[in-house]
Amino acid sequence: NHCVLHRGAVEFIEELLAVSGEQTIGVVIPRRQLVDIVRSRLALGHGTVYQKNGKRRFRGEGWIYAPDNVDVDNKQTTQLDIVAGYVSAVEREIVRLKGAFEANERVIIFEVELVKLNCVEEVRGMLAVYGLRVEDGGLEEVVGRRVNKREEDKKKVADRVGDEVKLLVCDEEIKRALSCN
């Protein structure tokens, strides 16, 4: 997501279309509840505010997109504001991407709930949309296996910040922050 935001998904796909001849371009948009994304990023310490050389900075600066509508230099801006701004910016980019290419037959956009990618049949269905298939047994080797283990990272963050951040941010607070962006 952050790579697409820095470059712009629409612009990136337009570049691909320009150099790919008549080939079709497939775009997979994995989906999760926005509140869950924010909560996970907070647990990983993304957007944690700190001082460096007298300047206010945030963890992830440079790879987490700092949206234009979140003023990271404002002392009132919180970690939640930064992370919710990032998640909201990703959502806006998805809407922009879908709007730009919904009528383009060379761009096939497939949205899927992330959890469904743990099911072999769901992955087969997604691949079929793009005219792809995997040899028998190939998907079973990888689908449903956890490859992105962040629990240890989340524990390190919790140990580093101690009781200061217990992530008791309620869903209503997250929804409010998302709606402000």
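Here the residue index of a chain counts from 1 through its sequence in written order. Totals for whole chains, interfaces and linings use all residues, but because this is a predicted model, local features are given only for residues with pLDDT of at least 70 and pairs of side-chain atoms are given and counted only at 80 or more. Note that the side-chain values use all heavy atoms of the structure and ignore hydrogens as well as water.

The subject of this paragraph is the pattern of salt bridges. A side-chain nitrogen of Lys or Arg and a carboxyl oxygen of Asp or Glu constitute a salt bridge if their distance falls within 4 Å. Taken as a whole and judged by the stated rule, the model has 7 salt bridges. With a shortest N-O distance of 2.7 Å, E11 and R96 are connected by a salt bridge. Placement of the pair is E11 in helix α2 (residues 9-19) and R96 in helix α4 (residues 79-101), with a sequence separation of 85 residues. We classify E11 as partly exposed; its relative accessible area is 31%. Across the pair R124 and E140 runs a salt bridge, and its minimum N-O distance is 3.1 Å. Note that R124 is positioned in helix α5 (residues 120-129) and E140 in the loop between α5 and α6 (151-161), a separation of 16 residues in sequence. Only protein chains enter the accessibility calculation, which uses a 1.4 Å probe; a residue is then buried when its area is under 20% of its type maximum, exposed when over 50%, and partly exposed in between. Residue E140 is classed as partly exposed on the basis of its relative accessible area of 41%. If you follow the salt bridges from partner to partner, you end up with R31, E91, K98 and E111 in one network. What counts as a helix is a DSSP run of H or I of at least four residues, what counts as a strand is a run of E of at least two, and both are numbered from the N terminus.

Turning to a nonpolar patch on the surface, a few remarks are in order. A surface patch of nonpolar side chains, about 260 Å² in accessible area, is lined by F12, L16 and V19. Structurally, V19 is set in helix α2. On the basis of relative accessibility, which here comes to 69%, the residue V19 falls in the exposed class. Two joining distances apply to patches: 9 Å for like charges and 5 Å for nonpolar side chains (Val, Leu, Ile, Met, Phe, Trp, Tyr), and every residue must have over 30% relative accessible area and no salt bridge. Note on areas: Shrake-Rupley with a 1.4 Å probe; residue coverage comes only from the protein chains shown.

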